[in-house]
Amino acid sequence: MKALGIILAGGNNMRMGALAKTRAIAAIPVAGTYRCIDFALSNMTNSDIRKVAVLTQYNAKSLDDHLRSSKWWNFGRKKGGLYVFSPTLTANNSWWYKGTADAMWQNIDWLKQSHEPYVVIASCNGIYKLNFNKVIDYHIEKDADITIVCSEIQEDARRYGVVKFGEDGRITELLEKPVVAESNTVSCGIYVMRRRLLISLLEESAAEDKFDFVNDIIIRYMRTKKIYGYMLNSFWNGITNIETYYNTNMAFLQPEIRKFFFETEPRIFTRIEDRPPAKYNQNTHVKNSLVSVDCIVNGEVVNSLLFKGVYVGENTSIKDCIIMNDVFIGDNVHLERCIVESHSTILSGTSYLGEGEIQIIAEENSRYDV
Amino acid sequence: MLLAGGQGSRLGVLTDNAAKPAVSFGAKYRIIDFPLSNCTNSGIDTVGVLTQYQPLILNTHIGIGMPWDLDMNDGGVTVLPPYESVGSSEWYTGTANAIYQNFNYIEHYDPEYVLILSGDHIYKMDYQQMLDFHKEKNADITVACISVPLEEASRFGIMITDETDKITDFEEKPAKPRSTLASMGIYIFRWDVLKSTLEALKTQPNLDFGKHVLPYAKEHDRNLYAYEFSGYWKDVGTLQSYWEANMGLVDIVPEFNLYEEFWPIYTNNDLISPQYISKEAEVNRTIIGDGAEIYGKVHNSVISNHVRIGKNSYIHDSIIMRNAVIGDNCYLEKTIVADNVKIGNNVKIGVGPEVPNVFKPDIYANGIAVLGEGSIVPDNVSIGKNTAISGKTEEADYKDNCLASGEVLIKEGD
């Protein structure tokens with residue numbers, strides 16, 4: 001129990017469009033049966049981090065529901081456990097979380113009352129596997145003040161925090177969402193530091209009315225603190241917009257990605273919902289697709305992901321789509337390059353052919369008229 | 001009190017390493033999930049599970065009962081194996097004997113009523129309704145019954161009732177049944193009645209509910225009532241009935257529907273990832289559990305969690321249980337493959353003429369081939385109908401790469 005865990009799950013993200021309308025990014029379903037936050041939570045529990053705070057604020061209902069019981073991630077032990085902190089009114093403070101640093105500062109008593117020497121702070125939007133103990137060991141070896149987990153990405157880095165390395169793994173520059181990205185190495189939004197250092201940095205920032213962890217702490221202290229980068233060389237994807245969400249999900253159609261996340265220990269945990277097996281009726285045509293529990297398939301599904309409890313009608317064709325939880329799709333429907341929002345009901349005969357941009361479909365029809 | 005200690009020998013090699021209640025069913029469940037989930041859904045939160053035969057899988061499956069919400073502060077699930085005590089060390093010798101040996105467990109909770117269940121049937125039943133019936137009739141013992149076809153009635157314990165559902169007589173496996181009301185092996189007792197009856201009969205060898213307890217109670221003028229249940233209830237005691245019950249699940253609207261939200265079936269689900277159907281695969285009339293990877297053709301089958309089916313393989317009318325791996329270019333017909341089986345490439349199973357099994361023609365029949373838990377089948381072999389295989393078989397075990405219909409191949413140990 002070397003470290004505390006903090007998961008920053010309060011943020012809104014306009015670039016997620018309709019997908020973030022009713023839920024926090026942390027609660028967005030991923031890869032059929034998981035939710036985004038499961039990856040950070042499972043990495044924490046698999047790294048023997050037993051005391052974890054999840055800081056929530058924006059649209060937390062779906063996330064609260066997911067975290068209602070902490071037993072799925074093997075928290076809920078006698079020591080430690082999962083703490084969900086939403087903003088509260090206190091004698092000294094009547095604000096919402098004004099930023100990531102402020103969110104932690106408002107819960108500074110929890111940090112002060114703990115005894116673990118280190119803190120691992122993770123954003124909630126990463127899809128990855130990482131043993132945080134390795135980062136802590138690296139942090140100790142480098143005698144760093146702050147260690148940032150970084151990853152090399154293929155796509156456009158402008159949506160991320162782009163880092164520049166100096167000698168020996170030390171980070172010399174971090175540009176948050178720059179206009180021009182000078183490298184492909186980005187911050188994964190995962191930080192390790194001593195608990196006491198975090199407390200003092202949070203107090204200093206709060207005293208100066210500064211609220212953002214990246215801009216007001218990491219970037220501001222870049223010259224005075226020793227900030228190192230730990231390269232995460234295995235799969236990492238940050239869900240930052242609709243395109244990355246789509247691509248991250250589609251990556252699970254590759255056998256090596258499935259092997260890495262589904263077959264290789266340690267595993268990723270999620271809330272168990274006791275749903276029946278998936279069912280394929282006569283004349284189904286399912287090719288290169290992931291199908292989750294409780295789906296009933298009649299039509300054609302190609303290069304797609306069906307999340308939990310999806311019904312696909314007869315003569316329906318679904319290609320290159322992500323169909324989220326509990327969607328009902330009637331007969332003779334044609335969908336291509338779409339993301340269908342959870343609980344949608346697509347009436348028989350409907351057709352959505354996404355060209356170029358990925359379409360997001362949320363249709364609230366009455367299910368029982370179809 | 002859930003009786004889960006039986007071997008279920010009519011399931012052949014399927015119960016070599018597991019008690020019958022622990023056998024997989026319906027792609028992601030084990031048979032015991034059905035009575036356990038019925039308990040939870042009926043609001044029964046104190047359950048003793050009596051185990052004896054091969055309890056390992058059962059014990060790990062039940063654990064502390066979390067999947068069924070039976071991890072309670074007070075009550076919950078307790079696994080009750082036979083134990084040694086001063087002056088006696090006895091196995092459970094019969095259904096009622098097993099309950100008698102756990103008197104202290106029941107006494108500890110001091111209930112008004114005790115529900116006796118068996119762990120080897122597939123059904124959804126609200127025990128609360130049966131208890132309401134029991135109270136309403138002011139019964140001492142209520143026996144749950146189901147109406148069966150007359151020609152099958154001679155396989156069951158048959159209850160003869162009057163117009164008030166009171167049991168006037170019963171017959172154990174009668175040649176000429178006088179009624180079609182068959183006992184489901186589910187009883188509600190008033191605890192004081194159960195206690196005094198078992199106390200009186202404690203010296204009876206192989207003390208059994210159907211054979212001894214009910215006749216004794218009847219003789220002593222206890223009020224016995226038959227509660228008629230009209231839903232789906234399937235005894236999966238034979239390979240044929242087990243196979244049929246699984247196959248029934250793939251119908252468009254199955255007789256036994258797992259997709260009803262008001263009566264969920266819970267199970268210990270350690271695997272959560274979705275299943276993958278490859279671009280070469282073809283799947284229809286099939287149910288598939290979590291984390292399976294399908295590269296071949298599957299038709300009319302039940303595929304459990306984490307099964308892998310190789311390229312160009314064709315599986316039909318078969319049941320493949322957890323973690324089984326089937327290689328490339330295989331052909332399986334009417335085959336039951338138990339947990340953790342590994343089948344090589346180019347293997348054919350369930351082919352050839354229909355020949356009765358030479359050792360156990362009653363068990364391995366109807367053209368079904370069965371592979372026991374953890375079996376290994378090497379590449380390029382062909383296995384006939386009405387066959388059974390258990391253990392790590394090698395090429396040398398097969399004559400001309402072939403196991404003819406009606407044969408049994410069992411390899412002991414490692």
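About the thresholds
Residues numbered from 1 in each chain as written. Chains lettered and ligands numbered in written order. Predicted model: local features only at pLDDT ≥ 70, side-chain atom pairs only at ≥ 80, totals over all residues. Heavy atoms only, no water. Helix = DSSP H or I, 4+ residues; strand = E, 2+ residues; numbered from the N terminus. Buried < 20%, exposed > 50% of the residue type's maximum accessible area, 1.4 Å probe, protein only. Contact = heavy atoms within 4.5 Å. Areas by Shrake-Rupley, 256 points an atom, 1.4 Å probe, with all protein chains shown as cover. Pairing = 2+ DSSP bridges. Axes fitted to C-alpha atoms, helices over the stretch in contact; angles between N-to-C directions. Expected span 1.5 Å × (residues − 1). Buried area = accessible area lost by both parts, 1.4 Å probe. Salt bridge = Lys/Arg side-chain N within 4 Å of Asp/Glu carboxyl O. Polar contact = N/O pair within 3.5 Å; in protein donor to acceptor, adjacent residues only side chain to side chain. Domains from an automatic or database assignment. Nonpolar A, V, L, I, M, F, W, Y, C, P; charged D, E, K, R; others polar. Core = buried A, V, L, I, M, F, W, Y, C linked by side-chain atoms within 4.5 Å. Parallel < 35°, antiparallel > 145°, perpendicular 65-115°, else oblique. Left-handed = near helix turned anticlockwise from the far one by under 90°. Right-handed = clockwise from strand over helix to strand, strands pointing away.

1. A short note on the overall build of chain B
Here's step 1: Tallying secondary structure elements over chain B gives eight helices and 33 strands in all.
Here's step 2: Expressed as a percentage of the 414 residues in chain B, the buried residues total 57%.
Here's step 3: For chain B, contacts bridging at least 24 residues in sequence account for 56% of all contacts bridging at least 6.
Here's step 4: For chain B, the exposed surface amounts to about 16,800 Å²; the carbon and sulfur share of it is 47%.

2. What to know about the sheet that holds strand E15 (residues 285–287) of chain A
Working definition: the strands of a sheet are paired by backbone hydrogen bonds and lie parallel or antiparallel to each other.
Residue and element names in this part refer to chain A.
Here's step 1: One open sheet accounts for five strands, arranged E15-E18-E21-E24-E27; its pairing is parallel. Two strands close off the open sheet at either side, each with one partner strand: E15 and strand E27 (351–353). Neighbour to neighbour, the strand axes of the sheet diverge by 10° on average, direction disregarded.
Here's step 2: Alignment of strand E18 (residues 300–302) against strand E21 (residues 317–319), held across three bridges, turns out to be parallel. Counterpart to Val 301 in the pairing with E21 is Ile 318.

3. Regarding the sheet that holds strand E26 (residues 342–343) of chain B
Here's step 1: Taken in spatial order, the eleven strands line up as E28(A)-E25(A)-E22(A)-E19(A)-E16(A)-E16(B)-E18(B)-E20(B)-E23(B)-E26(B)-E29(B) in an open sheet, and their pairing is mixed. A strand with exactly one partner marks an edge of an open sheet, and here the two such strands are strand E28 (359–361) of chain A together with strand E29 (376–377) of chain B.
Here's step 2: Sheet topology places E26 of chain B next to E29 of chain B; two bridges connect them, and they run parallel. Paired with Ile 343 of chain B across the bridge in E29 of chain B is Val 377 of chain B.

4. Remarks on helix H1 (residues 36–46) of chain A
Residue and element names in this part refer to chain A.
Here's step 1: Burial analysis of H1 places ten of its eleven residues in the buried class, the great majority of the element.
Here's step 2: Listed as buried for H1 are Cys 36, Ile 37, Asp 38, Phe 39, Ala 40, Leu 41, Ser 42, Asn 43, Met 44 and Thr 45.
Here's step 3: Directly after H1, the chain includes Asp 48, whose backbone phi takes a positive value near 65°.

5. As for helix H6 (residues 195–207) of chain A
Here's step 1: For H6 of chain A, with 13 residues, the first-to-last C-alpha span of 18 Å sits near the 18 Å given by 1.5 Å per residue.
Here's step 2: Asp 209 of chain A sits one or two positions beyond H6 of chain A and adopts a positive phi of about 60°.

6. Focus on the interface of chain B and chain A
Here's step 1: On the side of chain A, 36 residues touch chain B, which itself brings 43 residues to the contact.
Here's step 2: Among the residues chain B hides against chain A, the three largest losses belong to Tyr 259, Ile 272 and Pro 274 of chain B. Together they make up 23% of the total.
Here's step 3: Inspection of the region where chain B meets chain A yields one salt bridge.
Here's step 4: Put simply, Arg 258 of chain A and Glu 293 of chain B hold a salt bridge, and the shortest N to O gap is 2.7 Å.
Here's step 5: Counting across the chain B and chain A interface gives 20 residue pairs in polar contact (both at pLDDT 80 or more).
Here's step 6: Contributions of two or more residues to the side of chain B that touches chain A are made by strand E16 (275–277) and strand E17 (282–288) of chain B.
Here's step 7: Top element by residues in the side of chain B that touches chain A is E17 of chain B. It accounts for seven residues.
Here's step 8: Bridge count between strand E14 (residues 278–280) of chain A and E17 of chain B: three bridges; the pairing is antiparallel. Within E17 of chain B, the position partnered with Ala 278 of chain A by the bridge is Ile 288 of chain B.

7. Digging into the domain arrangement of chain A
Residues and elements named next belong to chain A.
Here's step 1: The domains assigned to chain A are domain 1 (3–263) and domain 2 (279–369).
Here's step 2: Distance between the C-alpha centres of domain 1 and domain 2: 33 Å.
Here's step 3: Buried surface at the junction of domain 1 and domain 2, both sides included, amounts to about 1,600 Å², of which 72% is carbon and sulfur.
Here's step 4: Of all residues in domain 1, Gly 32, Tyr 246 and Leu 253 give up the largest surface area on contact with domain 2, accounting jointly for 36% of the area buried on that side.
Here's step 5: The tally of links between domain 1 and domain 2 comes to one salt bridge.
Here's step 6: Note that Glu 341 and Arg 23 form a salt bridge whose closest N and O atoms lie 2.6 Å from each other.
Here's step 7: At the boundary of domain 1 with domain 2, the tally comes to three residue pairs in polar contact (both at pLDDT 80 or more).
Here's step 8: Mapped by element, the contributors of at least two residues to the side of domain 1 that touches domain 2 are strand E2 (29–30) and helix H8 (242–251).
Here's step 9: Considering each element in turn, the side of domain 1 that touches domain 2 owes the most residues, six residues, to H8.
Here's step 10: Tallied by class, the residues present in the side of domain 1 that touches domain 2 amount to twelve nonpolar, four polar and four charged.

8. Things to note about the environment of Ile 106 of chain B
All names here are of chain B.
Here's step 1: On the secondary structure map, Ile 106 appears in helix H4 (residues 103–109).
Here's step 2: By relative accessible area, Ile 106 is classed as buried at 4%.
Here's step 3: Contact partners of Ile 106, with chain neighbours within four places excluded, come to Met 1, Ile 99, Pro 111, Val 114 and Trp 191.

9. Re the nonpolar core
All names here are of chain A.
Here's step 1: In this structure, Ile 37, Leu 41 and Tyr 245 are the most contacted members of the largest nonpolar core, which totals 78 residues.
Here's step 2: Considering every element that reaches this core, the biggest residue donor is H1, with six residues.
Here's step 3: When residues of this core are sorted by domain, at least three fall in each of domain 1 (3–263) and domain 2 (279–369).
Here's step 4: Look past the residues within four positions of Leu 41 in its chain and what remains in contact with it is Ile 7, Val 52, Val 54, Leu 67, Trp 73, Phe 75 and Leu 82.

10. Quick word on the packing of helix H6 (residues 191–201) of chain B against helix H7 (residues 209–219) of chain B
Residues and elements named next belong to chain B.
Here's step 1: At their nearest, the axes of H6 and H7 sit 10 Å apart, and the two run at 110° to each other. For the element pair H6 / H7, the angle class is roughly perpendicular. Considering how the two elements wind past one another, H6 and H7 form a crossing that is right-handed. Contacts between H6 and H7 involve Leu 194, Thr 197, Leu 198, Ala 200 and Leu 201 from the first element and Phe 209, His 212, Val 213 and Tyr 216 from the second.
Here's step 2: Along the lines of polarity and charge, the residues of the contact of H6 with H7 split into seven nonpolar, two polar and no charged.

11. Points about the pairing of strand E4 (residues 46–50) of chain B
Along a regular strand, successive side chains alternate from one face of the sheet to the other.
Here's step 1: Burial runs high along E4 of chain B: four of the five residues are buried.
Here's step 2: After leaving E4 of chain B, the chain enters helix H2 (residues 56–62) of chain B and then returns to the sheet as strand E5 (residues 76–80) of chain B, a path that is right-handed.

12. Digging into unusual backbone geometry
Here's step 1: Backbone torsion omega between Glu 265 of chain A and Pro 266 of chain A reads -10°, so that peptide bond is classified as cis.
Here's step 2: Along the chain, Pro 266 of chain A falls in the loop between helix H9 (255–263) and E14.
Here's step 3: If you check the backbone angles, Asp 143 of chain A has positive phi at about 55° while not being a glycine.
Here's step 4: Within the secondary structure layout, Asp 143 of chain A lies in the loop between helix H5 (132–141) and strand E8 (146–152).
Here's step 5: Using a relative accessible area of 52% as the deciding quantity, one classes Asp 143 of chain A as exposed.
Here's step 6: In this structure, Asn 329 of chain B takes a positive phi of about 55° despite not being glycine.

13. What to know about the pattern of salt bridges
Here's step 1: Overall, the coordinates contain 33 salt bridges over all chains when judged by the stated rule.
Here's step 2: Between Lys 195 of chain B and Glu 107 of chain B there is a salt bridge; the shortest N-O distance is 3.4 Å. In this pair, Lys 195 of chain B is assigned in helix H6 and Glu 107 of chain B in helix H4, connecting sequence segments 88 residues apart.
Here's step 3: On the basis of relative accessible area, Glu 107 of chain B is assigned to the partly exposed category, the value being 37%.
Here's step 4: Residue Arg 285 of chain B pairs with Asp 251 of chain B through a salt bridge whose shortest N-O separation is 3.0 Å. Here Arg 285 of chain B is found in strand E17, whereas its partner Asp 251 of chain B is found in the loop between helix H8 (239–248) and E16, with 34 residues between them in sequence.
Here's step 5: Sharing partners across several salt bridges, the network here consists of Glu 273, Arg 275, Asp 294, Lys 308 and Asp 326 of chain A.

14. Describing the pairing of strand E9 (residues 161–165) of chain A
Here's step 1: Pairing between E9 of chain A and strand E10 (residues 171–176) of chain A: five bridges, direction antiparallel. Bridge pairing in E10 of chain A links Val 163 of chain A to Leu 174 of chain A.

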